[in-house]
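Residues per chain are reported as follows:
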Amino acid sequence: MTGYFLPLAEDAAANAADLRDAWRRLKKGKAVILGFVAAALIGAALVALMTTPVYRSQILLAPAQVEDQRGQLASLVGQYAPGLQPGALSSGLHSRDQAIAVLESRRFTEEFIRSEALLPVLFADAWDADKETWKSGNPDDRPTMADAVSLFAESIRRVHEDNRRNLVTLQIDWTNPQQAADWANLLVERLNDHLRNRDIEEAQRSIEFLNRELAKSSVIGLQQGIFRLIEQQIELVMLANVRDEYAFKILDPAVPADAGDYVRPKRLLILIVGLLLGLFLGVSLVLLRPE
């Protein structure tokens, strides 16, 4: 048994000697370690202070309660005009998922960026505000609409769904708190307008289609059914025209964040990372360099 424990005792003694040597090196090189820590903290502080703050604005939404008229529409078609296809007529119904899909779509995002002339705003570093032109003379180096859509979708706009309460939160992160709030509110307004106008156009096309079918029919019962369908489409147009909050109702509008209420950068976290990095580099150099 004594022979078994002897190597363990020798290993323990060697480890203790290594620890004493490491501690001696650290005490001897504490100035180097403190220098690295100070340099890293200064660098982290400069990064934290020079990084442009990003502010967050949120708008809370609820899907507008739109009467599901698809079943009623199919019933009317089946009863009065069995030769027509219900899918050719507008039902005026949007699910929450459909509205969100439009909000996040490339086409809607591009239309918003274009209508608000946001390319120079999103890529302000590449824009010469005095000359109102791009700084680069090479067209290949200038931001494109595809770049703007990608930036907006990936870094600026977020949509969060609360399935339990059937609520939607639209979040905008941007360096200007007023612009962030304005964009959030305006996006919802444009979305409601977009879906409203699309439904009105579909209903008007449906009315034109029904009027053509009416002109071709001489059967009284079929004519009465088509009149009912035209009446239903007119009601959809009227509903769309009088409802401002068409797809989403605004429960809590977006407001600008306070000047000190930014979400990025996390300055305390940056300082902590700088401290740990400086400590790691200083200790590593002291322990690894030859004496």
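Residues numbered from 1 in each chain as written. Predicted model: local features only at pLDDT ≥ 70, side-chain atom pairs only at ≥ 80, totals over all residues. Heavy atoms only, no water.

Caption draft 1: Summary view of the overall build of the chain. When helices and strands are counted, the chain shows 10 helices and seven strands. By residue count, 35% of the 291 residues in the chain fall in the buried class. Across the chain, the fraction of contacts at a sequence separation of at least 24, relative to all contacts at a separation of at least 6, is 79%. Just so you have it, the chain exposes about 17,700 Å², and 57% of that area is on carbon and sulfur atoms. (Helix = DSSP H or I, 4+ residues; strand = E, 2+ residues; numbered from the N terminus. Buried < 20%, exposed > 50% of the residue type's maximum accessible area, 1.4 Å probe, protein only. Contact = heavy atoms within 4.5 Å. Areas by Shrake-Rupley, 256 points an atom, 1.4 Å probe, with all protein chains shown as cover.)

Caption draft 2: How the structure looks around the confidence of the model for the chain. Per-residue confidence for the chain gives a mean pLDDT of 83, with 83% of residues at or over 70. Predicted confidence for residues 67-74 stays below pLDDT 50, and this span has 16 contacts to residues more than four positions away or in other chains. (pLDDT = per-residue confidence, 0-100.)

Caption draft 3: Highlighting the environment of R198. Along the chain, the position of R198 falls in helix 8 (residues 177-216). Sequence separation of R198 and A240 is 42 residues, and the distance between their C-alpha atoms is 9.8 Å.

Caption draft 4: Inspection of the nonpolar core at higher detail. Of all hydrophobic cores here, the largest spans 41 residues; its most connected members are I113, L122, F152, I172, W183, L187 and F248. Looking at this core, the elements with two or more residues in it are strand 1 (54-63), helix 4 (96-103), helix 5 (106-115), helix 6 (119-122), helix 7 (145-156), strand 5 (167-174), helix 8 and helix 9 (220-242). Contact partners of W183, with chain neighbours within four places excluded, come to F112, L118, V121, L122, F152, I156, I172 and W174. (Core = buried A, V, L, I, M, F, W, Y, C linked by side-chain atoms within 4.5 Å.)

Caption draft 5: Molecular detail of the pattern of salt bridges. By the definition in use, this model includes 11 salt bridges. Residue R114 is joined to E110 by a salt bridge in which the shortest nitrogen-to-oxygen separation is 2.6 Å. Of this pair, R114 and E110 are both found in helix 5, four residues apart, which corresponds to roughly one turn of the helix. A residue is classified by how much of its surface remains accessible, and E110, at 21% relative accessible area, is partly exposed. Where R196 meets D193, a salt bridge forms, and the shortest distance between an N and an O atom there is 2.6 Å. Separated by three residues within a single helix, R196 and D193 lie in helix 8, roughly one turn from each other. Taking the relative accessible area as the measure of exposure, D193 reaches 27% and is therefore partly exposed. Each of R56, D173 and R264 takes part in one network of salt bridges that share partners. (Salt bridge = Lys/Arg side-chain N within 4 Å of Asp/Glu carboxyl O.)

Caption draft 6: Expanded view of the packing of helix 5 against helix 8. It is the contact of helix 5 with helix 8, at a shortest axis distance of 11 Å, that shows an interaxial angle of 120°. The angle between the axes of helix 5 and helix 8 places the two elements in the oblique class. The element helix 5 and its partner helix 8 pack so that their crossing is right-handed. Each of F108, E111, F112 and S115 in helix 5 lies in contact with helix 8, whose residues at this interface are W183, L186, L187, R190, L191 and H194. Here the contact of helix 5 with helix 8 is built from residues that sort into six nonpolar, two polar and two charged. (Axes fitted to C-alpha atoms, helices over the stretch in contact; angles between N-to-C directions. Parallel < 35°, antiparallel > 145°, perpendicular 65-115°, else oblique. Left-handed = near helix turned anticlockwise from the far one by under 90°. Nonpolar A, V, L, I, M, F, W, Y, C, P; charged D, E, K, R; others polar.)

Caption draft 7: Highlighting the packing of aromatic side chains. Throughout the structure, instances matching the rule amount to five aromatic pairs. Taking the centre distance of 6.4 Å and the plane angle of 90° together, the rings of Y55 and Y262 count as edge-to-face. Here the residue Y55 occupies a position in strand 1, and Y262 occupies one in strand 7 (residues 262-264), the gap between them amounting to 207 residues. Judged by its relative accessible area of 9%, Y55 is buried. Residue class for Y262 comes out partly exposed when judged on its relative accessible area of 25%. (Phe/Tyr/Trp six-rings, centres within 6.5 Å; stacked < 30°, edge-to-face > 60°.)

Caption draft 8: Molecular detail of helix 9. Taking 1.5 Å of rise per residue, 23 residues should cover 33 Å, and helix 9 covers 33 Å from first to last C-alpha, within 8% of that figure. Among the residues of helix 9, those classed as buried are G225, I226, L229, I230, Q232, Q233, L236, V237 and A240. (Expected span 1.5 Å × (residues − 1).)

Caption draft 9: Layout of the environment of R264. Position of R264 among the secondary structure elements: in strand 7. Classification of R264 by relative accessible area gives partly exposed; the value is 38%. As a C-alpha pair, R264 and P53 span 211 residues in sequence and 5.5 Å in three-dimensional space. Ignoring anything within four residues of it in the chain, the contact list for R264 reads T52, P53, V54 and D173.

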